[in-house]
Amino acid sequence: MCCFPPPPPSLIRSWNFNSPRSFGAHCQPDGTILIRLREGVSIEMTLDRAVRVINSHSKVAVALSNTGNSSALIHPNGRVYQYGSKVEIITYDGMRKNNFVRYAKMWQKGALFYRETRYGEEFVDDVLQVLRAASWWSNEDGSDLFDVNGFRITQTPDGLVRITNSNNKSLIRTSPGNGSATLTTNFMHCTASMGQTSHLFVRRGELRMHFDGSQFVVRNAGHSAGFDDNNRLKVY
């Protein structure tokens, strides 16, 4: 059951789900849902709510498995892959001011998009049924909103996309304008951006990793270590 507030009936739009238009929701031949938004952002999802977001303008991709137990972020500043209690990270400078490549793993004792999920030609009719129950409307501020398959998708006039799932308490956010991305699940919180605030940040419990394009720091509670902007190892 979805807990999102319903949209005003007068604002609900309808569309042809099989239309080749670039904007809107579509059923793909492989039995998945495709939602094309403005500014080069697209969202794919399966019937059981695995979701993948592509921000083509910023070369950003975010994926979340149908169970919410694994997720991934691809960004010009690096890549993050989370599976269960483990997080693997690789960072590099998306602004290309240096060629440093750094790695980190968050590990605590105790993938991805299509694994163990329903997709394929045999599910096309099910996808169409889900899309017929979906809603799309525009707010007075120019934002477009979709309620599709248990997800609330919002795109503001400047292109910022926000995706929430009320069941998993997960959040995906990305902006074509500044190359920012956010991924929040029950297992970790991750942010990344380009420009003046270029960075990649990952938090899991008391474990932290922050990378600003040159300095790379990992923290565990009160302990810190990493590499400075001259690629020298430092322990704080």
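Each remark here, short or long, concerns the structure printed above.
Throughout this description, residue numbers start from 1 for each chain and increase along the sequence as written. Note on the predicted model: pLDDT of at least 70 is required for a residue's local features to be given, and 80 or more for side-chain atom pairs to be given and counted; whole-chain, interface and lining totals, by contrast, use all residues. Side-chain measures were taken over the full set of non-hydrogen atoms in the model, leaving aside hydrogen atoms and water.

A. Geometry of unusual backbone geometry. The phi dihedral of Glu39 falls on the positive side, at around 60°, and the residue is not glycine. Counting from the N terminus, the helices are the DSSP runs of H or I reaching at least four residues and the strands are the DSSP runs of E reaching at least two. Its location among the elements puts Glu39 in the loop between strand S3 (33–36) and strand S4 (41–45). One non-glycine residue, Asn149, adopts positive backbone phi at about 55°. Considering the arrangement of structural elements, one finds Asn149 in the loop between strand S12 (144–148) and strand S13 (151–155).

B. Representation of the nonpolar core. Note on terminology: a nonpolar core comprises buried Ala, Val, Leu, Ile, Met, Phe, Trp, Tyr and Cys residues joined through side-chain atoms within 4.5 Å. A 1.4 Å probe rolled over the protein chains alone gives each residue an accessible area, and that area as a share of the maximum for its type sets the label: buried under 20%, exposed over 50%, partly exposed in between. Residues Ile35, Ile43 and Ile153 are the most contacted members of the largest nonpolar core, which totals 44 residues. In this view, Ile43 contacts Ile33, Leu34, Ile35, Leu37, Val51, Arg52, Val53, Ile153, Val161 and Ile163; residues no more than four positions away in its chain are not counted. Note on definitions: a residue-residue contact is assigned when non-hydrogen atoms from the two residues lie within 4.5 Å.

C. Inspection of the pairing of strand S9 (residues 86–92) at higher detail. Alternating positions in S9 separate cleanly, Val87, Ile89 and Thr91 being buried on one face and Lys86, Glu88, Ile90 and Tyr92 remaining unburied on the opposite face. For two strands to be treated as a pair, DSSP must find no fewer than two bridges joining them. Of the pairings in the sheet, the one linking strand S8 (residues 78–83) to S9 comprises six bridges and is antiparallel in character. Across the sheet, Gln82 pairs through a bridge with Val87, a residue of S9. The turn joining S8 and S9, which pair antiparallel and follow one another in sequence, is formed by two residues; a positive phi near 60° is taken by Gly84. Two elements, S9 and strand S10 (residues 101–106), share six bridges in a ladder whose sense is antiparallel. Bridging from a neighbouring strand, Tyr92 pairs with Val101 of S10.

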